[in-house]
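Chain by chain, the residues run as shown.
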Amino acid sequence: MMKRVNTLSSEQTKEKKQTIFSGMQSTGVITIGNYFGALKNWVKLQDEYNCLFCVVDLHSITVKQEPAKLRQSSRDLLALYIAAGLDPEKNVMYYQSHVPQHAELSWILGCYTYMGELNRMTQFKEKSQKHVENINAGLFTYPILMAADILLYQTDLVPVGHDQKQHLELSRDIAERFNNIYGNVFTVPNPYIGKVGARIMSLQEPTKKMSKSDENVNAFISLLDEPNVVMNKIKRAVTDSETTAIYADDRPGVKNLMDIYSCATGETIEKTKEALEGKGYGDLKKIVGEALVAEMEPVQKRFFEIKQDKAYLDSIIKKNAETASYLANKTLRKVKKKIGFPE
Ligand code: AQP
């Protein structure tokens, strides 16, 4: 009797929690931009919400990938999720390619999305300019797959970066359109409005965001870069022709370094200014580099421990994919029934 009461109350508590879905592409080792802008913030969500954190490897192939590298970076990304503090017992953490329902729902939703809507997506325009030799249909229909990722799990909230806001709007439109035809099938997702992580900029072109696929390796810091590499990249970071540090929009290189310090130490911008304004650029870079290394080292240490334990990682991958698949199927079954596919 006692046991039943306990089970009920724990299920009820679970029901009250809202669902969050987010993911990262396994297009290489993630940068400190991905870490401070997304991953580190996810860790704070895991107690309050039911979270799904996906390695969105289906999205990764919209850009050419080398098979062995893709496999490796997907596995590394999952290990980094755990190393950064995401608990695989609390969250559902899995590869998108292990849960075929994503692709299946994506096809269905594609039939409820207009070409005009996709034509308006700015990320497609940017990415197709960047990859002129490979403007594939997947790059164009990417937002539909993203809608499927989100809607499959009846997601309430999506922590989105600036670049993905337009895609989330489209996911909401598709969900509402579908619900208007078939009744309440999908939860209409909202953006997660929490403490926004800083946008970390390129170290070589500080008006552009830091990206893991940047051709210039000095433009980004990978979360797995060794301390001496980190120090060197910070040392080479582009600043300006002034000599002492001031936090200002028209000094983007220095501002970016100070933002990195603030993220690495957890200090507010006000405290960061107090600590760093007036420093010469040599000193500034040394202090920022050391703070960053101190933040990255424990994550890297845990990452290598997790990676060594192959059986542990394999079991997490399998178990979490099964859970995701089970949850995804609940929605997909409903969708198919509503549409009129034979049972
Ligand atoms: N520079 C950044 N600063 C803060 N946040 C960032 N994010 C990405 N870059 C920065 C956030 O990281 C999450 C995962 O991103 P993604 O892997 O889905 O792809 P992305 O946004 O396209 O990141 P990259 O590094 O630029 O990847 P590539 O080079 O492969 O396209 C998102 O929440 C994003 O906002």
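Residues numbered from 1 in each chain as written. Predicted model: local features only at pLDDT ≥ 70, side-chain atom pairs only at ≥ 80, totals over all residues. Heavy atoms only, no water.

(A) Region of interest: the domain arrangement of the chain. Domain boundaries assigned for the chain yield domain 1 (15-197 + 310-339) and domain 2 (217-307). Inter-centroid distance (C-alpha atoms) of domain 1 to domain 2 is 30 Å. Contact residues are listed per partner, giving 17 residues for domain 1 and 16 residues for domain 2. For the pair domain 1 and domain 2, the summed buried surface comes to about 1,600 Å²; carbon and sulfur atoms form 73% of the total. Three residues stand out in domain 1 for area buried against domain 2, namely Ile 32, Phe 36 and Ala 83, and they jointly supply 36% of the buried area on that side. At the boundary of domain 1 with domain 2, the tally comes to 2 salt bridges. In this structure, Lys 307 and Asp 76 form a salt bridge, with 3.2 Å as the shortest nitrogen-oxygen distance. (Domains from an automatic or database assignment. Contact = heavy atoms within 4.5 Å. Buried area = accessible area lost by both parts, 1.4 Å probe. Salt bridge = Lys/Arg side-chain N within 4 Å of Asp/Glu carboxyl O.)

(B) Expanded view of the side chain of Asp 225. Within the secondary structure, Asp 225 is located in the loop between β5 (190-191) and α10 (227-235). Engagement of the side chain of Asp 225 in a polar contact is seen with the side chain of Lys 233, the distance being 2.8 Å. Once residues within four sequence positions are removed from consideration, Asp 225 is found in contact with Phe 220, Val 230, Lys 233, Met 296 and Gln 300. (Helix = DSSP H or I, 4+ residues; strand = E, 2+ residues; numbered from the N terminus. Polar contact = N/O pair within 3.5 Å; in protein donor to acceptor, adjacent residues only side chain to side chain.)

(C) Representation of the packing of helix α11 (residues 252-265) against helix α12 (residues 269-276) in the model. Between α11 and α12, whose axes approach to 9 Å, the crossing angle comes to 115 degrees. Remark: the crossing between α11 and α12 carries right-handed chirality. Only Ile 269, Thr 272, Lys 273, Ala 275 and Leu 276 of α12 make contact with α11, whose side of the interface consists of Met 258, Asp 259, Tyr 261 and Ser 262. A per-class count over the contact of α11 with α12 returns 5 nonpolar, 2 polar and 2 charged. (Axes fitted to C-alpha atoms, helices over the stretch in contact; angles between N-to-C directions. Left-handed = near helix turned anticlockwise from the far one by under 90°. Nonpolar A, V, L, I, M, F, W, Y, C, P; charged D, E, K, R; others polar.)

(D) Quick peek at the pattern of salt bridges. Counted according to the given criterion, the structure contains 19 salt bridges. For Asp 225, the salt bridge is made with Lys 233, and the minimal N-O distance between the two is 2.8 Å. Taking the relative accessible area as the measure of exposure, Lys 233 reaches 6% and is therefore buried. For the salt bridge of Lys 286 with Glu 290, the shortest nitrogen-to-oxygen distance reads 3.2 Å. Residue Lys 286 and its partner Glu 290 are located together in helix α13 (residues 281-308), separated by 4 residues, close to a single helical turn. Exposure remark for Lys 286: the relative accessible area of 49% places this residue in the partly exposed category. A relative accessible area of 41% places Glu 290 in the partly exposed class. Look at the salt bridges and you will find they share partners, linking Arg 75, Lys 310 and Asp 314 into a network. (Buried < 20%, exposed > 50% of the residue type's maximum accessible area, 1.4 Å probe, protein only.)

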